[in-house]
Amino acid sequence: MKEYTTLTSEVLTACEQVKEQNNTRSLETGKAPRAYVLTFGCQQNEADSELLCGLCQKMGYEITDDPKEADLILANTCAIREHAEKKALSIIGGFKACKRQNPDLIIGVTGCMAAEAHRREEIKQKYPYVDLVFSPASRHRLPQLILEKRMSGKRVFCPEERDLTMPEGLPVRRKNSYRAWVSIMYGCNNFCSYCIVPYVRGRERSRKASEIVSEVEALVGEGYKDITLLGQNVNSYGKDLETPIDFADLLARLDAIPGDFRLRFMTSHPKDAGKKLIDVMAASSHVARQFHLPLQSGSDKVLKEMNRHYDREKYLATVAYLREKIPDVTLSTDIIVGFPGESDEDFEDTLSILNEVKFDQIFSFLYSPRKGTPAAGREDQVPKDVKAERFDRLLALQNEIGLANNQKLVGKELRILCDGPSKSNPNLLSGRTDGGKIVFFHGDAKKMTGQYVLVTPKRADAYSLYETEQKDG
Ligand code: 5AD
Ligand code: SF4
């Protein structure tokens, strides 16, 4: 394993060197250099971008939300489905105009797409104005890559690194002052047959428990109220560490930190979300009563072909134990519709498990073939129209279930962490319950944002709760 300290100091030294260069340029141009960081995809990418922004600030860049005025543009991409890749490529295409305006502009592409060999080749050939390409595992190398680019004047394709450990103690620029992400591990060893993640993010690497505890303690000390622990499969946490510790132990250690805050985690794999973890949650004072447990399919045949290592029965037993120990737990899941070979009966099995479990929320996705994964090569792909029709049926059913679940909370006083004015209706504030449900209510944004408030909803729909009688308040 690489020495954390050496690497951290190397990164920080490179930051200083870029900063010096940037200062010299600022004196010439009369303005501070600016960085624009665009994030696609999951919470892990959001967390990675916060680190990239932290590094940018350390290098002397101001963070901007306008690519046209940027001297450094970073696209942190996602590869989980084709749609995400197409969207990123189209936006990256638009940066060509920015480069024309500002020939000194450096454009970098990172994230999962930047770790796929065929996309790197595509960027090399078709996007000649992209200067830096680096995988998520190499994100801390950004300052060194900028130096290399400036020194050589050539485009830099950082090797397709996947299994690097992250140096500790690098600067992070958090977007929010009361909700925070904390990565506890990187990579995935599961190789679900539809999924690109293990190929682009490499094998599982856990951060040391002491580093995570210190980070969470510091966040709580700074007043953070809602901390989400991130990993592709948090239940595997610690398996690669010298000091034996598992995720439940880590959670118990974090729960012992004093303060008024909530801990959440994602994502848990049903094959090893065990009783110990649920017992720790039930006994905890800080762990939110929310569980995201991706099911993917309700059909045992499909689950086997997805390489998920659990069946309906095991999944349902976990849900039953969870509800026995934490009766008011909010339960959400991920469902893939139209995995290759999914028959009408298989899909009916998914609908039936939805009826049985009655999830509060589902995240449903049309199966998207990912180059290099086993399922993508199958000849029994489900036709587009069949997938679309199943998707609609799934949503219609979940809308009924979600509505019925939310209606049970109408009239109950709920503790909400307020997120300020709602994006869809600025007359109202929005916030989330302990279980992660969205609630809209009236109040003073200045006083309430980032604070816990008590709200009694009068109305519900399938996705949210409302303190107001009318939708628009
Ligand atoms: N097609 C569609 N959905 C996918 N997911 C992962 N890979 C694919 C794919 N190839 C979904 C899974 C996972 C979520 C993050 O994305 O449901 O849990
Ligand atoms: Fe992908 Fe499966 Fe790993 Fe989740 S557990 S990231 S779905 S391979």
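This section reports on the structure supplied with the text. None of these values were measured; they are calculated from a predicted model. Every chain begins its residue count from 1, and numbering advances along the sequence as written. Written order determines the labels here, with chains lettered from A and ligands numbered from 1. Local features in this predicted model are restricted to residues of pLDDT 70 or higher, and side-chain atom pairs are both shown and tallied only at a pLDDT of 80 or more, whereas totals for entire chains, interfaces and linings draw on every residue. To obtain the side-chain values, all non-hydrogen atoms of the structure were included, while hydrogens and water were left out.

### Here we look at unusual backbone geometry
Between methionine 266 and the following residue, threonine 267, the backbone shows a cis peptide bond with an omega angle of 10 degrees. With respect to the helices, strands and loops of the structure, threonine 267 is situated in the loop between β11 (262–266) and α9 (275–283). With a phi angle near 65 degrees, asparagine 307 is a residue other than glycine that sits in the positive phi range. A helix here means a DSSP run of H or I that spans at least four residues, while a strand means a run of E at least two residues long, and both kinds are numbered starting from the N terminus. When you line up the elements, asparagine 307 lands in the loop between α10 (300–305) and α11 (312–325). Positive phi, close to 55 degrees, is recorded for lysine 358, a residue that is not glycine.

### A few points about the pattern of salt bridges
Take a side-chain nitrogen of Lys or Arg and a carboxyl oxygen of Asp or Glu: if they are within 4 Å of each other, that pair is a salt bridge. All told, the structure shown has 35 salt bridges when counted by the stated rule. A salt bridge links lysine 86 to glutamate 82, with the shortest nitrogen-to-oxygen separation between them at 2.6 Å. Residue lysine 86 and its partner glutamate 82 are both found in helix α3 (residues 82–101); the two are separated by 4 residues, about one turn of the helix. Partly exposed residues are those whose accessible area sits between 20% and 50% of the maximum for their type, while under 20% is buried and over 50% is exposed, using a 1.4 Å probe and protein chains only. With relative accessibility at 47%, the residue lysine 86 sits in the partly exposed group. Note on glutamate 82: relative accessible area 34%, which makes it partly exposed. Where glutamate 122 meets arginine 119, a salt bridge forms, and the shortest distance between an N and an O atom there is 2.7 Å. Remark: arginine 119 and glutamate 122 occur in helix α4 (residues 117–126); sequence separation between them is 3 residues, near one turn of the helix. Salt bridges here are not isolated pairs; linked through shared partners, they connect Glu85, Arg119, Glu122 and Arg370.

### A closer look at the pairing of strand β3 (residues 72–77)
Taking burial as the measure, the 6 residues of β3 include 6 buried ones, the bulk of the element. Burial of β3 is two-sided: the residues Leu72, Leu74 and Asn76 facing one way and the residues Ile73, Ala75 and Thr77 facing the other way are all buried. Two elements, strand β1 (residues 34–39) and β3, share 5 bridges in a ladder whose sense is parallel. Directly across from valine 37, in β3, lies its bridge partner leucine 74. Of the strand pairs in this sheet, β3 and strand β4 (residues 106–111) are connected by 6 bridges, and their pairing is parallel. Whether two strands pair comes down to DSSP finding at least two bridges between them.

### Considering the site of ligand 1
Throughout this document, a residue counts as near a molecule or strand when at least one of its heavy atoms sits within 4 Å of that molecule or strand. Around ligand 1 lies a shell formed by Ile80, Arg81, Tyr194, Gln296, Asp334, Ile336, Phe365, Leu366, Tyr367, Ser368 and Arg370. Throughout this description, a polar contact denotes any pair of N or O atoms lying within 3.5 Å of each other; where both atoms belong to protein, one of them has to be capable of donating a hydrogen while the other can accept it, and for residues adjacent in sequence the pair is counted only when both atoms sit in side chains. Contact between ligand 1 and glutamine 296: an oxygen atom at 2.6 Å from a side-chain N or O atom of the residue. Here an oxygen atom of ligand 1 and a side-chain polar atom of aspartate 334 are 2.6 Å apart. For the area figures, the Shrake-Rupley method with a 1.4 Å probe applies, and any residue is considered shielded solely by the protein chains shown. The fraction of the free accessible surface of ligand 1 (400 Å²) that becomes covered by protein chains is 86%. Of all the elements in the fold, those that place two or more residues in the shell around ligand 1 are β13 (330–337) and β14 (361–366). As a working rule, the residues Ala, Val, Leu, Ile, Met, Phe, Trp, Tyr, Cys and Pro are called nonpolar, Asp, Glu, Lys and Arg charged, and the rest polar, with Gly in that last group. Here the shell around ligand 1 is composed, by residue class, of 6 nonpolar, 2 polar and 3 charged.

### Side note on the side chain of asparagine 45
Tracing the sequence through the fold places asparagine 45 in helix α2 (residues 43–58). On the basis of relative accessible area, asparagine 45 is assigned to the buried category, the value being 1%. Reaching out from asparagine 45, the side chain makes a polar contact with the backbone oxygen of threonine 77 at a distance of 2.8 Å. The residues touching asparagine 45, leaving out its near neighbours within four places in the chain, are Thr39, Phe40, Asn76, Thr77, Cys78 and Arg201. Any pair of residues with heavy atoms lying within 4.5 Å of one another is described as a contacting pair.

### A short note on the site of ligand 2
Near ligand 2 you find Cys188, Asn190, Phe191, Cys192, Tyr194, Cys195, Val197, Pro198, Gln232, His269 and Arg308, and these make up its full shell. In terms of residue class, the shell around ligand 2 is built from 7 nonpolar, 3 polar and 1 charged.

### What to know about the sheet that holds strand β18 (residues 452–455)
Overall, mixed pairing links the 6 strands, which are arranged β18-β15-β16-β17-β20-β19 in an open sheet. Here the strands that pair on one side only, and so sit at the sheet edges, are β18 and β19 (459–460). With 3 bridges joining them, strand β17 (residues 438–441) and strand β20 (residues 464–466) adopt parallel strand pairing. For phenylalanine 440, the partnering residue across the bridge sits in β20 and is tyrosine 466.

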